[in-house]
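Survey of secondary and tertiary structure
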Amino acid sequence: MRNSGGWILGTLLFLGGFFFVHAAASSPRSHRLLAQDAVEIKMVKNGVVLDNKLVQLTFSNPGGDVIGISYGGIDNLLEINNKEGNRGYWDVVWNDPGETENTQYRLQGTQFKVITERPDQVEVSFITTYNAKLQRGVTVPVNVDRRFIMQQGRSGFYTYAIFERLEGWPGGDMDTVRVAFKLQQAKFRYMALSDTRQRFMPTADDRARGRPLAFKEAVLLNNETSNPEFEGEVDDKYQYSAEDKDIKVHGWISIDDQSPPVGFWMITPSAEFRMGGPFKQDLTSHVGPTCLTGFASHHYVGKEVGLKFQEGEVWKKVFGPVFIYLNSAARNSANNPSTIRTLWNNAKDQMLEEVKSWPYNFISSPDFPSSDQRGSVSGQLLVHDRYNESLPRTSLAYVGLAAPGEVGSWQRESKGYQFWTQTDEKGYFLIENIRPGNYNLYASVPGIVGEYKYEVEITIEPGSKIQLASITYKPPRTGPTLWEIGIPDRTAAEFYIPDPYPTLMNKLYKGSRLDKFRQYGLWSHYYDRYPNNDLIYRVGASNYREDWFYAQVTRSVGNGRYVGTTWQIQFELKNVVNPGNYTLQLALASATYAELQVRVNNLNAKPPLFSTGLIGSDNAIARVGIHGLYWLWSIDVPSTLLREGSNTIYLTQSRDGNSPFHGVMYDYIRLEGPSEKP
């Protein structure tokens, strides 16, 4: 319930006369609390404790690992059987130049500092300092200042980190930056990612007893699981990935007979510090039980995207803050079906409060600007295509600011900050709370092929309120549409996605239309559907929802070898404008170690009309995604290659190899006729 100051002291919900959720949330500065509820710092042997009488956090000192979280009658929410450094931690994956093997580094502080100490708030710092005298491979050439904030009356805590590289330091690749918490396996068995993606989960021990499948993250659970219902299911952490725009709250609920139900939630109120834009996909919660925030990763984008540093390159970035939120219910409500729903709904409410409060005004670092130090950009996005006046409105288009670059460069950008919003039904947009800096404005419109970039660079200063005139996106277009396959939405979701094998199913997604692609092993249905010959799509007769497989994968020829495949698009032309140039708009939703070659009416043409060359490493097929990075080409098709009557376009994924996961996913294909004079 809320007091007049808007502070959620405790959400009190009666179900059957006995159930309640306890959660102290929102801003404590607007509510008068008792002095004995003040936040305290306690120094203990080799450790530091923060205590606000609701939550008690214990850190190693000066390492900065979170080794204990006491809340809701549970002495430690973290896995007590793990080593102290494997409970709550920040880590990175770093590769020195020329290295192919990833090296994981758990960030260990060498210095502890108290940044802020007041009755209503304590902020502490664990600093990791790069030592240039140590040989490469021993330490990462980055200084990291990890911060933790506890506030009076709040059932949770904040964490963020300031990463900095100084001049002269060696280069390399930082593949991963994350903060992770590993919870008690015996207690936290229920996971929630969204309203439709939540379930009781198997344990890490269940996975250890299971059978690894085609890649190590996927395991088939056997009859030795902790719950007979899990037998025969596939568990794979990538089945619980999500797009960054949708990762705002997720976590776990503890339900057992020994303690009250407790919710452990990771709340990410902003995506400004993430890499790759709103459609970048990352891990969330998964078997462990693990709850994490990934700030940077190669997942679903590949090695070409990431934090790559040149020798001597200077850089600084703040990752976070994120809020670890805790809520609880009465002990005797553990078996009430409403307990889970109410804890989850309470966590969602708290997420909305955190989003509303962003950017926080209580961060004690000059590297995190408050709202009055930021700016805004507003305007209206229109779309004009003279060959399609019935285009959908630009409602819900994604408009964002990111580092200056080429059209679409934002999906590969990782070192700076990005700020995105969606337009209203008339295309109007407002991007608020933008950090000072230089940006380009970009846009992606659902249902419209290609991407937009506003050519004028935008400079944000503290307090800037930039109002742009109406801006118009003219998508790639040469002539009238002759035929098209798919929907230009950056994904392959509209194409044929087979039902999972009954023996390789995740029951969470059984019967789900939206999440069907998350099932394991769908790629191998291609061999079942096309055992002898590859896919043939007949324009005017075929339906892309049933006749266009979601991924063009390789074909097994035995002995662990896989060869490329050739798909055909067969179509009729009543007449061919000659001379004239036709255009094939070809958009891919994903590519993994693939080379797509395009030929027209001659399968053996050398060279092909067009080749992408070797592209992609997003691994979306293996990681049960429906898209990775977006690719678009406008391919000239000379009229001399076409003929009146029957025509065939051959799409060959030409790269052979030793993996069933190499291939492409299509987003959209359109053949345009020659340009007509306006």
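Residues numbered from 1 in each chain as written. Predicted model: local features only at pLDDT ≥ 70, side-chain atom pairs only at ≥ 80, totals over all residues. Heavy atoms only, no water.

The helix and strand tally for the chain stands at 4 helices and 46 strands. Dimensions of the chain, computed from C-alpha atoms along their principal axes, come out at roughly 85 × 60 × 60 Å. Here the chain holds 678 residues, and 60% of them are scored as buried. Here the analysis covers contacts within the chain between residues at least 6 apart in sequence; of these, 71% occur between residues at least 24 apart. Of the accessible surface of the chain, which amounts to about 27,600 Å², a share of 48% is contributed by carbon and sulfur atoms. Positive and negative charge centroids in the chain, built from 70 and 73 side chains respectively, lie 1 Å apart. (Helix = DSSP H or I, 4+ residues; strand = E, 2+ residues; numbered from the N terminus. Buried < 20%, exposed > 50% of the residue type's maximum accessible area, 1.4 Å probe, protein only. Contact = heavy atoms within 4.5 Å. Areas by Shrake-Rupley, 256 points an atom, 1.4 Å probe, with all protein chains shown as cover. Lys, Arg positive; Asp, Glu negative; His and termini not counted. Charge placed at Lys NZ, Arg CZ, Asp CG, Glu CD.)

A few words now on unusual backbone geometry. The omega torsion across Gly 320 and Pro 321 is 5°, close enough to zero to call that bond cis. Tracing the chain through its elements places Pro 321 in strand 25 (residues 315–329). Omega for the bond connecting Asn 578 with Pro 579 falls within 30 degrees of zero, at 5°, which places this linkage in the cis form. Within the secondary structure, Pro 579 sits in the loop between strand 39 (565–573) and strand 40 (581–594). The backbone of Asn 601 sits at a positive phi, close to 60°, despite the residue not being glycine.

UniProt's entry tags residues 397–468 and 481–671 with the feature "domain: Rhamnogalacturonan lyase" (unreviewed entry), counted in the numbering of this structure. Along residues 397–468, the helical share is 0% and the strand share 50%, with 16 Å between the first and last C-alpha atoms. (UniProt positions renumbered as here; feature names shortened; annotations may be inferred.)

If you look at the biggest cluster of nonpolar residues, it comprises 176 residues, and the most contacted ones within it are Ile 69, Phe 163, Phe 181, Trp 548 and Tyr 666. The element contributing the most residues to this core is strand 25, with 8 residues. Listed in part, the 5 residues of the second largest apolar core include Phe 279, Ala 402, Trp 410 and Tyr 442. (Core = buried A, V, L, I, M, F, W, Y, C linked by side-chain atoms within 4.5 Å.)

Let us look at the side chain of Asp 256. Secondary-structure assignment places Asp 256 in the loop between strand 19 (249–254) and strand 20 (262–267). For Asp 256, a relative accessible area of 15% corresponds to the buried category. From its side chain, Asp 256 meets the backbone nitrogen of Gln 258 in a polar contact 3.2 Å long. Separated by 3.1 Å, the side chains of Asp 256 and Ser 259 make a polar contact. (Polar contact = N/O pair within 3.5 Å; in protein donor to acceptor, adjacent residues only side chain to side chain.)

Under the domain assignment, the chain is made up of domain 1 (37–200 + 249–357), domain 2 (371–473) and domain 3 (481–672). When each unit is reduced to the centre of its C-alpha atoms, the spacing between domain 1 and domain 3 is 40 Å. Summed over both sides, the interface between domain 1 and domain 3 buries roughly 1,200 Å², with carbon and sulfur atoms accounting for 51% of that surface. The tally of links from domain 1 across to domain 3 stands at 0 salt bridges. Counting across the interface, domain 1 meets domain 3 through 6 residue pairs in polar contact (both at pLDDT 80 or more). The class makeup of the residues in the side of domain 1 that touches domain 3 is 4 nonpolar, 6 polar and 4 charged. (Domains from an automatic or database assignment. Buried area = accessible area lost by both parts, 1.4 Å probe. Salt bridge = Lys/Arg side-chain N within 4 Å of Asp/Glu carboxyl O. Nonpolar A, V, L, I, M, F, W, Y, C, P; charged D, E, K, R; others polar.)

Another point: the side chain of Asp 235. By secondary structure assignment, the location of Asp 235 is in strand 17 (residues 234–236). The class for Asp 235 is buried, based on a relative accessible area of 3%. Separated by 2.8 Å, the side chains of Asp 235 and Arg 207 make a polar contact.

With respect to topology, 4 strands assemble into an open sheet ordered 28-27-30-31, the strand pairing being antiparallel. Unpaired on one side and paired on the other, strand 28 (419–422) and strand 31 (452–460) mark the two borders of the sheet. Adjacent strand axes in the sheet meet at a mean angle of 20°, parallel and antiparallel pairs treated alike. Bridge analysis of strand 30 (residues 437–444) against strand 31 gives 6 bridges, and the strand direction is antiparallel. Each residue of the ladder has a partner; that of Leu 441, found in strand 31, is Tyr 454. (Pairing = 2+ DSSP bridges. Axes fitted to C-alpha atoms, helices over the stretch in contact; angles between N-to-C directions.)

Relative to the elements of secondary structure, Val 407 occurs in the loop between strand 27 (398–402) and strand 28. For the pair Val 407 and Lys 113, spaced 294 residues apart in the sequence, the C-alpha separation amounts to 43 Å.

Moving on, we come to the sheet that holds strand 17. Read across the sheet, 3 strands follow the order 15-16-17 without closing on themselves; strand pairing throughout is antiparallel. Only two strands of the sheet have a single neighbouring strand rather than two, namely strand 15 (211–212) and strand 17. Examined bridge by bridge, strand 15 and strand 16 (residues 218–220) share 2 bridges and lie antiparallel to one another. Across the sheet, Pro 212 pairs through a bridge with Val 219, a residue of strand 16.

Here we come to the pattern of salt bridges. For the coordinates displayed, the defined rule picks out 35 salt bridges. Its salt-bridge partner being Asp 244, residue Arg 274 comes within 3.7 Å of it at the nearest N-O pair. Of this pair, Arg 274 sits in the loop between strand 20 and strand 21 (281–282) while Asp 244 is found in the loop between strand 18 (242–243) and strand 19, placing the two residues 30 residues apart along the sequence. The class for Arg 274 is buried, based on a relative accessible area of 4%. The network of salt bridges with shared partners includes Asp 244, Arg 274, Lys 280 and Asp 282.

With 21 residues, helix 2 (residues 337–357) should cover 30 Å at 1.5 Å per step; its first-to-last C-alpha distance of 32 Å lies within 8% of that length. Those residues of helix 2 not exposed but buried are Ser 338, Thr 339, Ile 340, Thr 342, Leu 343, Trp 344, Asn 346, Ala 347, Gln 350, Met 351, Glu 353 and Glu 354. (Expected span 1.5 Å × (residues − 1).)

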